[in-house]
Every structure is written in structure tokens, then in C-alpha cells.
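Residue-level listing of the chains:
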Amino acid sequence: AAFAGYGGSIRLTSGVGTSTSSGSVLVNSANSGSAGVSGAITLSTGTTSLGTSGQMQIVTGEATSGRGGHVQVMVGTGHSGDGGYIQVDAGKTMSAHTGGYIAITTGYSVQTSSGAFSLRTPNAGRSGVSGEMSFSSGTSSNGNTGVILMGTGAATSGKGGDVRVRVGTGNARDGGNVLISAGETTANAQTGGN
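These lines cover the structure that appears in this document, whether it is placed above or below. (Residues numbered from 1 in each chain as written. Predicted model: local features only at pLDDT ≥ 70, side-chain atom pairs only at ≥ 80, totals over all residues. Heavy atoms only, no water.)

### Here's the deal with the overall build of the chain
Within the chain one finds zero helices and zero strands. Computed over the C-alpha atoms, the radius of gyration of the chain is 25 Å, more than 25% above the 16 Å expected from 2.2 N^0.38 for a compact globule of 194 residues. Its C-alpha atoms put the chain at 65 × 55 × 50 Å along the principal axes. If you sum the accessible surface of the chain, you get close to 19800 Å²; carbon and sulfur atoms cover 49% of it. Distance from the positive charge centre (9 side chains) to the negative charge centre (7 side chains) of the chain: 10 Å. (Helix = DSSP H or I, 4+ residues; strand = E, 2+ residues; numbered from the N terminus. Rg over C-alpha atoms; globule rule 2.2 N^0.38 Å. Areas by Shrake-Rupley, 256 points an atom, 1.4 Å probe, with all protein chains shown as cover. Lys, Arg positive; Asp, Glu negative; His and termini not counted. Charge placed at Lys NZ, Arg CZ, Asp CG, Glu CD.)

### Section: the environment of Gly-183
Assessed through its relative accessible area of 46%, Gly-183 is described here as partly exposed. Between the C-alpha atoms of Gly-183 and Asn-194, which are 11 residues apart in sequence, the distance is 7.5 Å. For Gly-183, the contacting residues outside a window of four places in its chain are Gly-192 and Gly-193. (Buried < 20%, exposed > 50% of the residue type's maximum accessible area, 1.4 Å probe, protein only. Contact = heavy atoms within 4.5 Å.)

Shown next as C-alpha cells:
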């Protein structure tokens, strides 16, 4: 504890490899016994009474003659019940300001194309359907709800990219539909959306 100045820091650094690779850092809980669950791992910054709470960053180092390392977040395989989930929530604020945002951007290439972005559910198993995908903005009690934008970027020496909405092929029953519905209004003497 410190009553003036900063509290002490903790730094974990693996060993340097002068000619080859540096060492790894491994943090894990042990396997559980015959009755129980394996231990949790929590990474968190402390609370603050004045100012912003601490940042948390997970970053791989720069590679001067190779590619940068991956960052992988993955849930382990289970053998009963639903699969484990990954939840990402931006920050809530109690003040008259905007809540935190989530930005996901693919990698930039100085010489060629930027990286692709793929958001998909996996194929269904032997019995069932593939997972649903939902994009929606939240409700609003005073004002408009949020906008959903989907578009391709501008091209300075080529054509703009396509926007394609396509239903997959089926081999039983009718083909799937594409439904687009404009907004309804319950206000008097107002017109529904186009």
C-alpha cells in the first residue's frame, strides 16, 4: 500500500533468447478433481474514486521480419449441456454521456489488400439447424433508436464493392425468403417508413 505516490507494480517477463526464441508465460488453473470444476482466472483492474480506471491490453509484439502473432480467444469443448459462450460488453456510464463502443477492425496492409472480416455460425450437427444471427439496435424511451448501416467503401481507381444478400440453397420444402419491412408508426397523422 502507498499513502503518497504510486503503489508498486508487478511485471512478469519470460527469459530472453539471444539466438533463438524467448520463453513463454503460462497462467492456468489446475484440472479439477473427480467432483468439481477447474478454477477460474480473473483479470481485472481496480476501481477508482477519481478519474478513469486502469486499462487492460492484450497485444502481440511487432515482427520486423515475419508476421505478427495471433490473438485467439476460444471456449473449450464440453460433453454435456450447451457450449460455453463468449460475451463482450462495452462500458456503461451513469453520467449524461454516451456508453462505450465496440470497434472491430481487420488488419491494414501497406502494399496490398486489407484483411477480410468473417462473421458466421458453424454448420449444424446431425440433428438441428445452424445458429441464428441477429443484428439490432436497442430500444429508446426518448428519441430515435440507433441506425444500422451496411455499405462498401469508396474506390478511387476502380468500382465500389457489391452488397449482396443471398439465401442458401435447400433441398426440401420451399426456398428461404428475403424479407425487408419498413417501420411502423403509432403516432397520429404520421406516415410509416418507406
